[in-house]
Amino acid sequence: MRKVHKALFCCGSRPELIKISPIYHHLKTIAEIAPFLCITGQQKDLLTPHLENLEITPDFQLDVMRKGQSLDQLMERLFVQLPDIFDECQPDIVIIQGDTASALASAVIAHKKNLPIAHIEAGLRTYDKSSPFPEEIYRQNISALTKWHFCPTEMTRENLLRENVTEDHIFVTGNTSVDMILATYQKTKSIDYSISLPRKGTNPYFLITLHRRESQGAPLIRIANSLLDFAKSRPEFDFILPLHPNPATSHMIKHLLGAQKNIYLITPLPYPQFVHLMANAFAIITDSGGIQEEAPSLNTPVIVVRNTTERTEGIESGCLRLAGTSKDSILYELNLLIDDKTHYKKMQQAPNPFGDGRAASRIAAHLKNILERNLEPPWKI
Ligand code: UDP
């Protein structure tokens, strides 16, 4: 009888779930692999509503979320609760995505239990330990513990090679976020995912998301004030901002932007509705990582309100612009989009460097080779 290999996915945040979803579904179609999913509960409120849309039922569900807890308390709960899941599941491989606390804790526990780790979205770096914080620190440590590294781009592969990761253990696959955005956008053509907003007319709109920990405090106040000035100066545009539930950002944003007529603060959206909004936006203003990868596939320009990005491929390609967090630079980038039509078109037409929509099938094929044949690479997919 053939052995069925157990692959345990561990994730805790909304973007992790969205990005592992196509791999999980691919593995479900492979008879020799049984995927299991552990949801840590790190972003319980944000993640749970997406399970139904993504047609995923977790096998294990932890409860690490507490209101107002520190990063250390979160990490402590993960280290207390995760080991039992590993013991119960007895996986042959542990699959983690990105750079969250859930991913790092899973990597440390897998390592302690002598289990091989497959890291999806490997090799992203700013080499600035304070930005993004704590993600840059987490992902550097995850790479140190990982056996199989699935890089979205050539540049991320080169980062790992510079860190002396074994070449044969790195696969460049594209980012699964592009698989998701392309498949979901296709659906938005036949299903109506529009949302009703209290907007009058059909003004073009900017879509905004802000949530990064390192933006909290003075940078967030500067960003929000820049947006307020811009929204006041451009009454012919609307501004739609789904609020991240993190109170540290949402309270400040409500306080600074809540009264402006053409700014709409709304609750977080289900993924298909959010994709619909991204596809129809004039442009996106964001500090999100995943949105930088997704929007270029929808030909929507992205202004990144951060001082650094680990997705520099998008800057080079021309679909992203790094505006920083100062008022002058943000207003410059936003006004340029409207005032310079050639610049806007160039951004719209820049190719998406983060993937071609087939990352998940490549990753699944490599995982099958790793698990089933136990071959040492290189092999051909
Ligand atoms: N997203 C969503 N609904 C929303 C806002 C974002 O489904 O209201 C999706 C978005 O398309 C992307 C992911 O959430 O796939 C990005 O999450 P976030 O910005 O919180 O995290 P990051 O990517 O910065 O880690």
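Reading guide: rules and limits
The numbers attached to residues start from 1 for each chain and follow its sequence in the written order. Per-residue local features are limited, in this predicted model, to residues with pLDDT of at least 70; the limit for side-chain atom pairs, both in listing and counting, is 80 or more; totals at the level of whole chains, interfaces and linings are taken over all residues. The helix count covers DSSP runs of H or I at least four residues long, the strand count covers runs of E at least two residues long, and both are numbered beginning at the N terminus. When DSSP finds two or more bridges between a pair of strands, those strands are recorded as paired. Lines are fitted to the C-alpha atoms to define the axes, a helix being fitted only along its stretch in contact, and any angle between axes, read from their N-to-C directions, falls within 0 to 180 degrees. Roughly parallel refers to an angle under 35 degrees, roughly antiparallel to one over 145, roughly perpendicular to one between 65 and 115, and oblique to any angle outside these ranges. Crossing handedness: left-handed means the near helix sits turned counterclockwise from the far one by under a right angle, and right-handed means the same turn made clockwise. Two residues qualify as a contact pair if the distance between their C-beta atoms, derived from the backbone, is within 7 Å. The residue classification treats Ala, Val, Leu, Ile, Met, Phe, Trp, Tyr, Cys and Pro as nonpolar and Asp, Glu, Lys and Arg as charged. All others, Gly included, are polar. Domain segmentation is taken from an automatic or database assignment of domains. Exposed residues have 12 or fewer other C-beta atoms within 10 Å of their own C-beta, buried residues have 20 or more, and residues in between are partly exposed; the C-beta atoms are placed from the backbone. We call a crossover right-handed when, viewed with the strands running away from us, the connection from the first strand over the helix to the second turns clockwise.

Trainee: Would you mind going over unusual backbone geometry with me for this structure?
Mentor: Phi is mostly negative for residues that are not glycine, and the peptide bonds are mostly trans. At the junction of S131 and P132, the peptide bond is cis and its omega measures out at 0 degrees in the coordinates. Residue position: P132 is located in the loop between strand 5 (117–120) and helix 5 (135–145). Along the chain, F133 connects to P134 via a cis peptide bond; the corresponding omega equals 5 degrees. Looking at where P134 falls in the secondary structure, it is placed in the loop between strand 5 and helix 5.

Trainee: Any chance you could explain the sheet that holds strand 7 (residues 170–172) here in plain terms?
Mentor: Strand order in the open sheet made by the seven strands is 3-2-1-4-5-6-7, with parallel pairing throughout. Lying at the two open borders of the sheet, with one neighbouring strand each, are strand 3 (60–61) and strand 7. Across three bridges, the pairing between strand 6 (residues 148–151) and strand 7 is parallel. Across the sheet, the residue bridging to H149 is I170, located in strand 7.

Trainee: Got a minute to help me understand the packing of helix 8 (residues 218–233) against helix 13 (residues 327–339) in this structure?
Mentor: Helix packing geometry: the angle between the two helix axes and the distance between the axes. At a closest axis distance of 9 Å, the pairing of helix 8 and helix 13 adopts a crossing angle of 40 degrees. Classified by the angle between their axes, helix 8 and helix 13 sit oblique to one another. Remark: the crossing between helix 8 and helix 13 carries right-handed chirality. Here R222, I223, N225, S226, D229 and F230 of helix 8 lie close against helix 13, whose contacting residues are K327, I330, L331 and L334. Looking at side-chain class alone, the contact of helix 8 with helix 13 contains five nonpolar, two polar and three charged residues.

Trainee: Please clarify how the domain arrangement of the protein chain should be interpreted in this entry.
Mentor: One frequently used descriptor of interface size is the decrease in accessible area upon assembly of the parts. Along its sequence, the protein chain is carved into domain 1 (5–174 + 358–373) and domain 2 (198–349). The gap between the C-alpha centroids of domain 1 and domain 2 is 28 Å. On the domain 2 side, the residues contacting the 17 residues of domain 1 number 14 residues. Sorting the residues of the side of domain 1 that touches domain 2 by element identifies helix 1 (14–28) and helix 2 (44–53) as the ones contributing at least two each. Residues belonging to the side of domain 1 that touches domain 2 are distributed by class as follows: eight nonpolar, six polar and three charged.

Trainee: Is there a simple way to think about the pairing of strand 5 in this case?
Mentor: Regular strands place side chains that alternate from one sheet face to the opposite one. Residues I117 and H119 line one face of strand 5 and the alternating positions A118 and I120 line the opposite face, and both faces are buried. Relative to strand 5, strand 4 (residues 93–97) runs parallel, the two being bridged by four bridges. Bridging across to strand 5, I95 finds its partner in A118. Between the parallel elements strand 4 and strand 5, the chain passes through helix 4 (residues 101–112) in a crossover that is right-handed. For strand 5 and strand 6, the ladder comprises three bridges, and the chain directions are parallel.

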